[in-house]
Amino acid sequence: MPEIKRKCYALAYEESRDSAEITMYGDIVETKPVNWWTGEECPGDFIVQSEFLEDLNAAAGCKKLTIRMNSLGGDAGVSILIHNRLRELAENGTELNCIVDGAAMSGGSLIMCACDNITVNPSSLIMIHKCWTTLFGAYNADELRQAAKSNDAYDKAQASIYSRKTGLSETVITHMMADTTYMTGKEAVEKGFADSLTENAEPLSIAASADRRSLVICGRTVHLPKGMTAPEGMPAVTSPTGVTDTHKGGNNLMAKNLEELRKENRELADAVEREIRAECEAEHETAVKEAAKAERDRLAEIDSVAAQFDSEIVYAAKYGDKSCSAQDMCFRAAQEASKKGASIFESMKADYASSGMGQVSAVPQELESGNVVKTPAEMLAEARRNVQSLFGKEDK
């Protein structure tokens with residue numbers, strides 16, 4: 001069997017090219033690290049990107065590829081690249097298997113999750129976490145925020161890898177990464193990161209009830225606390241209860257609720273509660289963001305027409321005991337204007353009636369004494385006649 005041997009790993013495949021095995025023991029790096037002071041390569045076992053991809057091409061035609069893993073991780077970008085190249089082989093028909101001989105931590109767990117069949121030892125150690133960045137020098141706030149955005153992007157990429165393998169939602173995965181979650185081989189199987197234990201230990205079966213208010217663990221129902229529901233990523237049982245009263249082999253769980261489960265298996269109960277709480281917190285956070293956006297939109301709509309209304313009406317619509325939308329504010333203002341208009345009209349009618357203007361006419365009217373009210377022209381002509389008579393003159 002021809003072999004390719006590196007310092008920290010080896011690739012061996014059969015002459016027929018039917019299968020190959022890669023032993024990956026070491027840190028995952030883009031290039032071999034160099035001592036800054038001496039310029040010499042740092043001692044240690046390193047899985048170098050270029051070397052590994054070159055060796056992987058040699059096994060590209062194999063029908064079956066097995067990776068033996070013992071790595072504390074390393075460069076996230078290189079790990080994602082190797083993961084994606086392995087998935088490409090899987091899509092082309094290569095059967096991918098991984099055996100975690102020791103640890104598959106950080107970037108090592110990303111490469112591990114590229115495989116369709118992952119076997120772990122009970123003492124194997126799996127770890128997932130959010131990306132770390134080492135910074136040297138002086139940076140302003142914008143540069144630090146940019147570094148954080150870069151880490152966020154890597155975290156999202158990693159979460160998608162773990163979610164594909166485990167079936168857990170990316171929200172749950174992100175919470176696990178934020179907590180820097182360590183798992184033994186058995187725990188990795190229980191959470192879906194691995195598929196089987198090397199010993200004859202039966203993996204724990206967990207599913208959600210149809211209404212997602214209970215969990216079915218090894219055939220028995222465990223009721224969740226009020227207000228909690230099983231994560232969406234957790235598979236649900238197909239039957240109404242999906243449970244049986246007996247369970248052969250493995251863990252004989254008799255708990256009927258989360259508190260009883262905590263007494264029987266505290267670690268399992270804590271893990272279940274963490275996952276569910278993470279999902280609930282994510283849903284709550286989404287609801288809060290949606291409510292905040294709706295409130296911002298409501299205030300913006302009111303501001304867009306506020307210039308047309310009295311400031312008291314606008315303030316009441318925004319912050320009053322009966323705060324409302326812009327449309328309701330317009331309707332309320334119209335009602336108030338209608339009421340004021342009717343009141344003014346009634347006041348005008350009362351003023352008109354009390355002023356006596358209704359008694360005034362445009363034509364001469366007889367007074368109570370019987371005299372006739374003369375027009376200004378008539379009065380002027382009469383005055384002229386009276387003056388002329390004083391001087392003995394009359395109009396001819």
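Scroll up to find the structure this text is about.
Overview of the structure. Residue positions are given per chain, counted from 1 along the sequence in the order it is written. The predicted origin of the model limits local features to residues at a pLDDT of at least 70 and limits the giving and counting of side-chain atom pairs to 80 or more, whereas totals for whole chains, interfaces and linings rest on all residues. With hydrogens and water stripped out, all remaining heavy atoms of the structure feed into the side-chain values.

Here we look at the side chain of K165
Our working rule: A helix here means a DSSP run of H or I that spans at least four residues, while a strand means a run of E at least two residues long, and both kinds are numbered starting from the N terminus. For every residue, the accessible area obtained with a 1.4 Å probe (protein chains only) is divided by the maximum for its type, and the residue is called buried under 20%, exposed over 50%, and partly exposed between those limits. We call two N or O atoms a polar contact when they sit within 3.5 Å, provided that within protein one can donate a hydrogen and the other can accept it, with sequence-adjacent residues counted only if both atoms are side-chain atoms. Whether two residues are in contact is decided by their heavy atoms: any pair within 4.5 Å suffices.
Positionally, K165 belongs in helix α4 (residues 141–166). Overall, K165 belongs to the buried group, its relative accessible area being 13%. Side chain to side chain, K165 and D195 meet in a polar contact 2.8 Å long. Once you skip the residues sitting within four places of it in the chain, K165 turns out to touch C113, C115, D116, N117, I118, G192, F193 and D195.

Points about the packing of α4 against helix α5 (residues 170–178)
Convention followed: Inter-axis angles, ranging from 0 to 180 degrees, are taken between N-to-C directions of lines fitted to C-alpha atoms, where helices are fitted over the stretch in contact. We call a crossing left-handed when the near helix sits turned anticlockwise from the far one by less than a right angle, and right-handed when that turn is clockwise.
Two elements in contact, α4 and α5, have axes whose closest approach is 9 Å; the angle formed by their N-to-C orientations is 115°. The element α4 and its partner α5 pack so that their crossing is right-handed. Residues D155, Q158, A159, S160, Y162, S163 and T166 of α4 form the contact with α5, whose participating residues are E170, I173, T174 and M177.

Re the packing of helix α1 (residues 49–58) against helix α2 (residues 76–91)
Note the threshold: For classification, angles of less than 35 degrees are called roughly parallel, those exceeding 145 degrees roughly antiparallel, those between 65 and 115 degrees roughly perpendicular, and all remaining angles oblique. Amino acids are sorted into nonpolar (Ala, Val, Leu, Ile, Met, Phe, Trp, Tyr, Cys and Pro), charged (Asp, Glu, Lys and Arg) and polar (every other residue, Gly among them).
Contact geometry of α1 with α2 gives a least axis separation of 11 Å together with a crossing angle of 5°. Between α1 and α2, the angle is such that the two are roughly parallel. Mapping the contact onto sequence places Q49, F52, L53, L56 and N57 in α1 and V78, L81, I82, R85, L86 and L89 in α2. Partitioned by chemical class, the residues of the contact of α1 with α2 number 8 nonpolar, 2 polar and 1 charged.

Looking at the environment of V172
Assignment of secondary structure puts V172 in helix α5. Judged by its relative accessible area of 2%, V172 falls in the buried class. Spatially, the C-alpha atom of V172 lies 8.8 Å from that of R274, the residues being 102 residues apart in sequence.

A closer look at α4
Under the convention used in this document: Multiply 1.5 Å by the residue count of a helix minus one, and that product is the helix's expected span.
With 26 residues, α4 should reach 38 Å at 1.5 Å per residue; the first-to-last C-alpha distance of 37 Å fits that figure. Listed as buried for α4 are N151, D155, Q158, A159, I161, Y162, S163, K165 and T166. In this fold, the buried residues of α4 make contact with α2, α3 (107–112), β8 (117–120), β9 (125–128), α5 and α6 (185–191). Sitting at the amino-terminal end of α4 is N140, which places a side-chain oxygen 3.1 Å from the backbone nitrogen of D142. The positive-phi residue at the C-terminal boundary of α4 is G167, with phi of around 85°.

So yeah, pure geometry; function would need other evidence.
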